Every structure is written in structure tokens, then in C-alpha cells.
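Structure assessment
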Amino acid sequence: MADRILQYIVVLIASSAVIFILVRMNPADPVAVILGGRQTNPQTVANIRREFNLDKSYFEQYRAWIGGILRGDFGVSFRYRRPVTALVKDRVPVTAGIVIMSAVISVLVAIPTGIFAALKRNTWIDTGISLIQLLLVACPPFLTSILMIWAITAVAPTFPFVGSYDTFWQFLRRIFLPSLALSFSMIALTSRVTRSCMMDQLQANYRTVAVSKGLPPSAVIFRHCLKNAIIPVITVLGSQSGILIVGSVLVEKVFSLAGLGSVLIDAIKASDYPIVQGVTMLLVFVFMTISAILDIAYCVIDPRIRLT
Amino acid sequence: MPLAVSLLFLVGVIIIAVFAEKLATHDPNRLDVTHRLDAPSHEHPLGTDKTGRDIYSRLLHGSRITILSAFGVVLISALIGIPLGIAAGYFGGLADKVFMRMFDVILAFPSLLLAFVFVAAFGRGITNAVLALGIVYVPMLARLTRSLVLVEKNKAYVEAARSIGYSNAHIMMAEILPNCVDTLAVQMTLDIGYAVLDLASMSFLGLGVQPPTPDWGAMLEDGWIVMTSNPFVALAPGTMIVMTVVALNIFGDGVRSYLDPAQKKLPSIRKYRRPVRDLRK
């Protein structure tokens, strides 16, 4: 476990360096981005370079950036001349909400579906479920969102897709459809894994023992088989949570929500590095932390697993 | 049966991509403001988009860019990933450790997010999107290759090749690689599907194919907002994306179970009855 935590820290630092270096390979001149085409003189340029630490070496800049992040300061945006943290703060709940809600929907739908398919294996129900899975995996989240909006508009033209939200419940209602659209491909992946793991467990000897000693089927399935089948499913959820994080960028565009995605994409298009590197680092941090926590979690759930 | 249908569909898409000029009825980029968002008609089988361009022709031309760039992504990842994976698995030791740690860093990023950062570094456009995704796909393929090589390198034929005095390079490329190639080919088929999806996502965000070039993802980006006027602006490219990826998945899975002896059905007993009877005589 100590190895896993060490690996987590090392990879986190390495990925921050990768982000920092990549972003600086952009040929666009930061000063030009900051000035945004305004008239200038050498004095202003020198002032700007000092203000944004551009006169220091790359190593100094990197150290300043990391030091700032540890204090919760992600630097200052080139275009808006405002702290990235302030620009991004209001948008975190939307992205986090979509990711969490779609993860919850995925788990709630995928695991029962997977168990059901495994119990009904090689029947038309199982075939039908795997056909749907095949379609859902092939449908990128933005396409699902587009089709969803189109279909709902056709049925109920007055359905409110846009609009403000004040209370927490309104917020949840607003992000429900995007989360649902995002969860589809995750549902397909997770239920497929659940089905195959569950099928392995249903053929295990301990299941025959449990059935023959007279346990009710629900206890056999949920208390014995599911417990063993769930671990690979958790692994998949962890490694695929990246799909949800990036997918939220796609669905929020279609549902015109103000999340982190639109900030990131706009900043990429405008070469606004502080935002690009800040938001990317935040998303990578979240993704890596989820994977690390799940790795450690299933080590705790199942003592047979040793992390290497 | 599903395997045959998916293969037929994929061949069809490739033919469309090759002969797009011949099959298209209009210039995919010609604007026609008098025919904006026309419903499907005899002249425009799928109608026109918001600037009056023929959707059918754009769809055909788009297949070329979509398919070529998806192939490009997988080609790049294979050209880098497979040699790295073979070397890492075959030699082991320090090189192996260094490569695997490097891949850990790439895998620390959600895959599309790293591609976004690459695009931020090198600029928008289809070439950079293909390069970026190609690099992002390297670790998966390299890890798979490495795990295959780790099994193969302990087999007798490798020892035989070594005792004949073949060089390491020959053993890796001419002895071990051919024995891994079928599994890798299946994975690469599936990867083409993922590449189609990821490229479409990037084009949809405006980071991949730039307008007015026709591409399925870019067509969706261009069309989804006016979908209520002519649904085909988004339905046509969307359907093509989904069908292509489904076909690639079925094809890849089909080839995998065909190659996997454990999943092969035994031939029917009836086939052997006559020879056995003949033997008894």
C-alpha cells in the first residue's frame, strides 16, 4: 500500500511536469495573448513579463506554479487578468455534479443489469442486453445528448433544457439529463464487466455448496456471488472514471451548462495557458485520486489482493 | 452472421471513402443559400445543412477523413507502441521499468484530456489531433504487446532461435512478433473504433477537423443546433459513427473468438461417424 501511495505521488508530480512542458511548447507568445492585439511599447511588455513571471526561467516558473497550487492559487489568466481560481470556482459544482451523478446512475443501472444478464445467460434477454450494450458503447456522449434533446423536443416542445437554478433541487434537475446521457456508455461498459464476472462466480464450487445447503437464491446471489464479482467491477469503474470526467466536457457543451469543460476548451483555443494547465491539473488530480482510492479500497475489501 | 454483416459494412465504408468523388452528387463545400436546411428531396437525398451544402455528399467525403484519421491514430500508436512493448518485454530490466513508468504517467490522464493538452501545445487541426491521439493510445498497445512477449519469450522456439545464433533483433521481430500479431490485430481493430469516437469528440469540440472540411464529428458540431429543422444534419453523421464503431467492435470480437481455440465450437460428431465406420470394416 505504501508503494501505491508513493507511486501516486511520483506520477502526480510527473504529470504536472508533463502538463507544464506541453503547454509551454505552444508557439503563441504569452505577451501577445495578454495584450490581445492592443498597441504597446517595450515598457508595458517588460511590465507584463514581470507581472506574469515570464522573465524568470522555466524551472522558476514551474516551482512558482506548483507552490501556488499547494496554496490553492492556480495562477492568473492571460486574457482576463484574474486569478484562475476565481474564474473556475463557480464552475466546479456543475462538472463535479455531472460526474458524480452519472457515476451513481451508472452503478445503480449497470450492476443490476449485469447480474440479471448473467442469471439469464444465453437467453434472448441476455442477447438483447448485450445488443443494447454494443450500441451504447458506440455512441459518444455528445451524440447521446443531442439525440436526447431532439427526442424530448419532439415529444414535449416546451421542456426546459436551459434556465437558471437557485435551489439545490433545481440544480439536480438541471444536471439530471446531461448526467443520464453521459452515463450510457459507462453503463454499457460496467454492466458487461459485471455480467462476465458474475458468470464466473455463478459457476464456482462455493455456489453449489451454498445452494445445496439450502440458502435462498437471493442470499446466494447477493451475499456470496456478488461479493466476489464486485471487485473487478470497482477496478473498471476507477479506470473508466476518466471517461466521465472528459465526457462531462462534451455533454455540458450540448446542454449549455457552465462547467469546467467550456473554460478549458475556450482557453485551449485562445492559448490562455494558466487556465489550461490549472484546469487540466485539477482534472488529472481528481482522476488519479479516484483510481488510487479505489485501488486501496479493494485491497481493504479483499485482503487476498496485494498491491504491487 | 453478425461478423459477415459487419465486415460487409466496413468494406462498404472503405469503398465509399475511396470513391467519394465518384459517388457524391455535389461539391461537399459548395454553399447554396437558396437551399438552406432543405428536407430530403430527389436532388439532395439527405437534405442540406444550414449553409445549403448537400449532406449526402458531405457524408461521403467525411467518411474519407474520418476513416483515414482513425487509421492514422492506430498506425502511429502501433509504430511506437509495438516496438517499445516488444523491447520492454524481451529485455526487461531498466529499460522495461523506465518505459512502464512513462506509460503510467500517460495513463494518469483521462485519454482525451491528454489529447486536448497536446492540441493546446501544437495547435488545432486534424493532423495534430491524430498525432495526439496516436501518442495517447501508445501505452495500452505497448502494455498488451509486453504482456504477450513475456509469455512468448520463455517458449522453446525462442530458445531454439537463440541457440542457432539469431540476433536479438531477429528473434524479436521475426520470431516473437508473428506469434503475437493476431492478438494485436484484434486490439488494433477495436482501437480504430475508439479512435473514430475520440476524433469525433475532438472535432465536436472544435479541436480536431476545422471547418469547412467535412468530417462526421465536425458535421455533428455544425448541425446539431439546427437539428429540429432538418434532423439529417446530425442524424446522418451520428448514425454513420455509431454503425462504424459497432461494426468494428463486432468484427474485432468475432476475429478474437475465431482465433481463440478455447471458444471454438467442436465440429459435429456426425462428421467423424463415417471415417470411424470405415475403419471398422
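Up top is the structure these notes are about.
This one's a predicted model, so the numbers in the text were calculated from it and none came from an experiment.

Regarding the overall build of chain A
Along the backbone of chain A there are 13 helices and 0 strands. Secondary structure elements of chain A, listed N to C terminal, follow the sequence α-α-α-α-α-α-α-α-α-α-α-α-α. Expressed as a percentage of its 308 residues, the buried residues of chain A come to 46%. Across chain A, the fraction of contacts at a sequence separation of at least 24, relative to all contacts at a separation of at least 6, is 77%. Summing over all exposed atoms, chain A offers an accessible surface of approximately 15,500 Å²; the carbon and sulfur share of this is 67%. Here chain A contributes 27 positive and 15 negative side-chain charges, whose respective centroids are spaced 7 Å apart.

As for the interface of chain B and chain A
In many reports, interface size means the accessible area that the parts give up when they come together. Between chain B and chain A, the residue contacts involve 38 residues of the former and 39 residues of the latter. A salt bridge links E221(B) to K253(A); the nearest nitrogen and oxygen atoms lie 2.9 Å apart. On the surface where chain B and chain A come into contact, there are 6 residue pairs in polar contact (both at pLDDT 80 or more). Only α4 (93-107), α5 (111-122), α8 (168-204), α9 (216-223) and α10 (232-259) of chain B provide two or more residues apiece to the side of chain B that touches chain A.

Looking at helix α11 (residues 217-254) of chain A
Residues and elements named next belong to chain A. In this model α11 runs just 44 Å from its N-terminal to its C-terminal C-alpha over 38 residues, more than 12% under the 56 Å that 1.5 Å per residue would give. Along its length, α11 shows its largest kink, about 50°, at L226. At the C-terminal side of α11, S256 shows a positive phi close to 40°.

Examining the pattern of salt bridges
Tallied over the full model, the rule gives 12 salt bridges over all chains. A salt bridge links R4(A) to D295(A), with the shortest nitrogen-to-oxygen separation between them at 2.6 Å. Taken together, the residues R4(A) in helix α1 (residues 2-24) and D295(A) in helix α13 (residues 273-301) connect sequence positions 291 residues apart. Comparing R4(A) with D295(A) shows no difference in burial state: the two are buried. The closest approach of N and O atoms between R53(B) and D222(B), which form a salt bridge, is 2.8 Å.

Things to note about the environment of A78(B)
All names here are of chain B. You can see A78 is positioned in helix α3 (residues 55-91). We classify A78 as buried; its relative accessible area is 10%. Sequence separation between A78 and D38 is 40 residues; the distance between their C-alpha atoms is 43 Å. In contact with A78, other than residues within four places in its own chain, are P83, L141 and M188.

Topic: the packing of α1(A) against helix α4 (residues 58-70) of chain A
Residues and elements named next belong to chain A. Where α1 contacts α4, the two axes come as close as 11 Å, and the packing angle between them is 125°. When the axis of α1 is compared with that of α4, the two are oblique. Between α1 and α4 lies a crossing of right-handed hand. Residues I13, S16, A17, I19, F20 and R24 of α1 form the contact with α4, whose participating residues are Y58, Q61, Y62, W65 and I66. Across the contact of α1 with α4, the residue classes tally to 8 nonpolar, 2 polar and 1 charged.

So, the environment of S203(B)
Residue and element names in this part refer to chain B. Relative to the assigned elements, S203 resides in helix α8. Accessibility expressed as a relative area gives 3% for S203, which makes it buried. A sequence separation of 150 residues divides S203 from R53, and the C-alpha atoms of the two residues are 19 Å apart. With residues up to four places along the chain from it excluded, the contact list for S203 reads G208, V209, D215, G217, A218 and E221.

Here's the deal with the nonpolar core
F142(A), I146(A), F255(A), F116(B) and M202(B) are the most contacted members of the largest nonpolar core, which has 123 residues in total. Once residues within four sequence positions are removed from consideration, I146(A) is found in contact with V254(A), F204(B), L220(B), W224(B), M227(B) and A234(B). Core analysis: the second largest hydrophobic core is formed by 16 residues, I111(A), L202(A), L226(A) and V233(A) among them.

Observations regarding the packing of α5(B) against helix α6 (residues 126-152) of chain B
All names here are of chain B. Running from N to C, α5 and α6 cross one another at 135°; their axes reach a closest spacing of 9 Å. Taken together, α5 and α6 sit at an angle that is classed as oblique. α5 and α6 meet at a crossing whose hand is right-handed. Across from S111, L112, L114, A115, F118, V119 and F122 in α5, the residues of α6 making contact are N128, A129, A132, L133, I135 and V136. When its residues are assigned to classes, the contact of α5 with α6 shows 11 nonpolar, 2 polar and no charged.

Here we look at the state of the cysteines
Here, the word disulfide means a covalent bond between the sulfur atoms of two cysteines. Residue and element names in this part refer to chain A. Applying the stated rule across the entire model yields 0 disulfides over all chains. With no disulfide of its own, C197 lies 12 Å from the sulfur of C225, the closest cysteine sulfur. Since its relative accessible area comes to 11%, C197 is described here as buried.

Quick look at the packing of aromatic side chains
For the structure shown, the criterion picks out 10 aromatic pairs over all chains. Note on F20(A) and Y62(A): the rings are 5.2 Å apart at their centroids and 70° apart in plane angle, and the pair reads as edge-to-face. You can see F20(A) sitting in helix α1 and its partner Y62(A) sitting in helix α4, a full 42 residues away along the chain. Taking the relative accessible area as the measure of exposure, F20(A) reaches 5% and is therefore buried. Looking at Y62(A), the relative accessible area reads 17%, which means it is buried. Counting every residue linked through ring pairs, the aromatic cluster contains F20(A), Y62(A) and W65(A). Looking at R24(A), its charged tip hangs above the ring of F20(A), at a distance of 3.8 Å from the centre. A cation over an aromatic ring shows up here: K253(A) above the ring of F204(B), its NZ or CZ 4.8 Å from the ring centre.

Things to note about helix α12 (residues 260-269) of chain A
Quick reminder: α-helices carry 3.6 residues per turn. Residues three or four places apart thus point the same way. Burial analysis of α12(A) places 7 of its 10 residues in the buried class, which makes it a mostly covered element. All of the buried residues along α12(A) are L260(A), G261(A), V263(A), L264(A), I265(A), A267(A) and I268(A). Next to the buried residues of α12(A) lie α5 (84-89), α6 (92-119), α11 and α13 of chain A together with α5 of chain B. One or two steps after α12(A), the chain reaches S271(A), where phi turns positive at roughly 55°.

Overview of unusual backbone geometry
Of note, the amide linkage connecting P211(B) to P212(B) takes the cis form, showing an omega dihedral of 5°. Looking at the secondary structure, you find P212(B) in the loop between α8 and α9. Backbone geometry at N122(A) places phi at a positive 60°, although glycine is not the residue there. By secondary structure assignment, the location of N122(A) is in the loop between α6 and α7 (124-137). Since its relative accessible area comes to 65%, N122(A) is described here as exposed.

Cut-offs used in this document
- Residues numbered from 1 in each chain as written.
- Chains lettered and ligands numbered in written order.
- Predicted model: local features only at pLDDT ≥ 70, side-chain atom pairs only at ≥ 80, totals over all residues.
- Heavy atoms only, no water.
- Helix = DSSP H or I, 4+ residues; strand = E, 2+ residues; numbered from the N terminus.
- Buried < 20%, exposed > 50% of the residue type's maximum accessible area, 1.4 Å probe, protein only.
- Contact = heavy atoms within 4.5 Å.
- Areas by Shrake-Rupley, 256 points an atom, 1.4 Å probe, with all protein chains shown as cover.
- Lys, Arg positive; Asp, Glu negative; His and termini not counted.
- Charge placed at Lys NZ, Arg CZ, Asp CG, Glu CD.
- Salt bridge = Lys/Arg side-chain N within 4 Å of Asp/Glu carboxyl O.
- Polar contact = N/O pair within 3.5 Å; in protein donor to acceptor, adjacent residues only side chain to side chain.
- Expected span 1.5 Å × (residues − 1).
- Bend = angle between axes of the 7 residues up to and from the residue.
- Axes fitted to C-alpha atoms, helices over the stretch in contact; angles between N-to-C directions.
- Parallel < 35°, antiparallel > 145°, perpendicular 65-115°, else oblique.
- Left-handed = near helix turned anticlockwise from the far one by under 90°.
- Nonpolar A, V, L, I, M, F, W, Y, C, P; charged D, E, K, R; others polar.
- Core = buried A, V, L, I, M, F, W, Y, C linked by side-chain atoms within 4.5 Å.
- Disulfide = S-S within 2.5 Å.
- Phe/Tyr/Trp six-rings, centres within 6.5 Å; stacked < 30°, edge-to-face > 60°.
- Lys NZ or Arg CZ within 6 Å of the ring centre and 35° of its normal.

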